[in-house]
Amino acid sequence: MRPVIPKRGEKEFEPRAGGSSLQAHILDRSRAAMFETLKATRTTSSKAISYGIWQPSLARTEVTVAKGIHFSSMGHSAPRYVADGNGVEKLQKRLELLPEEAIYLIERGAMFCWKESVLRVEGLEGVPMTVQQAYSEMIGTEDLDLEKFQVYAYLKRLGYVVARARPPNKDYPASAPFPTSTPRRTVLERVKLLFGGFFSKIVHLFSKTADWWRPLRIDSCFFGITNYGSLFRSMRFIPSGHSVPLRREPPSEKPTPYQIFYNVYKPSTPFKKSSPPPPDFQMAVINARTTPMPTLQELTDLFEMRPDEPLPQPRKRGLPQQDAKPGTHNPPPTVTPTAPTYPPFLHRVFPSLFPVLVASKDRPRVVNPFTALKAGKKMIVIAVVDSGNVGFFRFSEGAFGEWPMA
């Protein structure tokens, strides 16, 4: 008989007036139903059971029979020397699991695992490893502790794909590098970068249309002060921004616990375990009882491993509803100006002399600076485990000095 999880009613936060005995009876009955469910025997189909051999010398579990859908994102191929029937060793590839992957499958009841020493003496007739034995044998190997496994199991139950950020050996597939944020410039863009700024300053000096709200200064153009943003930057005498290096403290003998350990992929991200894509999140795991808050230097070291996040897209505003009733007066459609007919490469080289008029509906929407500051340029996730309770905290690197608020 399969165990059935009992349904729970509404939670009562305080005893009812005159009904405390009834409430105690209901709570005792619900608690007894939960215990009966936990005492039930867990059953699973033999068609979905995998078999593995735990090898303590390698800290790996060799999968001899792989069944189920778990191995689409778990395990890796590793070449090992295997002796054939004649005693000749040959190099063969086999499927191996890391300690956290093996414990997760054993705990779910999806794999029977034997220890290598027991298998040699008793064979498959011996009793496979229990969950308690798997914990005692595998926890503490390959930099895996109890907190890291709890985070791994928690994310796997939610459907995420979790992999090691640093490959434990050369056979473990590493994730693809993050794409560069600076694309390659074409020849015309390079010419524009060299001569476009000079010609724009000349045009700005001798332009016939003067802006009386922004006084024209000849020396300001040659010193790089062309707008209020450059003016404020020139007046700043205290350096700001994340490009300014921190004052390095002498390295401590004890390694920092704030190191990226897991690469996490969303369930919707296409994942191929032989060549993993760039991760959606990178995560460090700490123990809340023994680890203090991260220092500024530790956060800076974590952010240096992350690429710049793209700016959040502005919200699309819905179009106003048009009145379709007959007899109503609709305003005439607005005529958008068209671009002048000259070769487009002239605008690329000399944008000030040959401007292009863009319709208001075709202009890109401006990113909200407060949304971008909240999201940050770089982001790291720290998983905090407090006596089995897993929590996640996101730390972002804000760029307050790069957004003109004036």
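Presented here is a report on the structure given in the accompanying data block. Given the structure is predicted, the values throughout are model-derived calculations rather than measurements.

If you trace the backbone, Pro-276 turns up in the loop between strand 7 (260–265) and strand 8 (281–287). Note: C-alpha distance between Pro-276 and Ala-174 (102 residues apart in sequence) is 6.8 Å. Residue contacts for Pro-276: discarding those within four places in its chain leaves Pro-173, Ala-174, Ser-175, Ala-176, Tyr-265 and Phe-271.

A cluster of nonpolar residues, Tyr-154, Leu-158 and Phe-392, forms a patch on the protein surface that exposes about 270 Å² of accessible area. Tracing the sequence through the fold places Phe-392 in strand 10 (residues 389–397).

As a further point, take the sheet that holds strand 5 (residues 111–115). Judged by pairing direction, the sheet is mixed, and its five strands sit side by side in the order 3-4-2-1-5 without closing on themselves. The sheet is open, and its two edges are formed by strand 3 (76–83) and strand 5, each paired on a single side. Within this sheet the neighbouring strands show an average axis-to-axis angle of 45 degrees, counted without direction. The sheet contacts of helix 2 (residues 99–108) involve strand 1 (50–55), strand 2 (60–65), strand 4 (89–97) and strand 5, and relative to strand 4 the element is tilted by about 60 degrees. The sheet contacts of helix 4 (residues 131–138) involve strand 1, strand 2 and strand 5, and relative to strand 5 the element is tilted by about 55 degrees.

A positive phi is found at Glu-142, a non-glycine position, where the angle reads about 55 degrees. With respect to the helices, strands and loops of the structure, Glu-142 is situated in the loop between helix 4 and helix 5 (146–157). Backbone geometry places Asp-143, a non-glycine residue, at a positive phi of 60 degrees. Relative to the helices and strands, Asp-143 is located in the loop between helix 4 and helix 5. Residue classification places Asp-143 among the exposed residues on the basis of a relative accessible area of 60%.

Before going further, it helps to spend a moment on the packing of helix 2 against helix 5. Two elements in contact, helix 2 and helix 5, have axes whose closest approach is 10 Å; the angle formed by their N-to-C orientations is 60 degrees. The angle between helix 2 and helix 5 falls in the class oblique. Crossing of helix 2 over helix 5 shows right-handed handedness. Touching Glu-100, Glu-101, Ile-103, Tyr-104 and Glu-107 of helix 2 are Phe-149, Tyr-152, Ala-153, Lys-156 and Arg-157, all from helix 5. For the contact of helix 2 with helix 5, the per-class residue count stands at five nonpolar, no polar and five charged.

What counts and what doesn't
Residues numbered from 1 in each chain as written. Predicted model: local features only at pLDDT ≥ 70, side-chain atom pairs only at ≥ 80, totals over all residues. Heavy atoms only, no water. Helix = DSSP H or I, 4+ residues; strand = E, 2+ residues; numbered from the N terminus. Contact = heavy atoms within 4.5 Å. Patch = residues over 30% accessible without salt bridge, like charges linked within 9 Å, V, L, I, M, F, W, Y side chains within 5 Å. Areas by Shrake-Rupley, 256 points an atom, 1.4 Å probe, with all protein chains shown as cover. Salt bridge = Lys/Arg side-chain N within 4 Å of Asp/Glu carboxyl O. Pairing = 2+ DSSP bridges. Axes fitted to C-alpha atoms, helices over the stretch in contact; angles between N-to-C directions. Buried < 20%, exposed > 50% of the residue type's maximum accessible area, 1.4 Å probe, protein only. Parallel < 35°, antiparallel > 145°, perpendicular 65-115°, else oblique. Left-handed = near helix turned anticlockwise from the far one by under 90°. Nonpolar A, V, L, I, M, F, W, Y, C, P; charged D, E, K, R; others polar.

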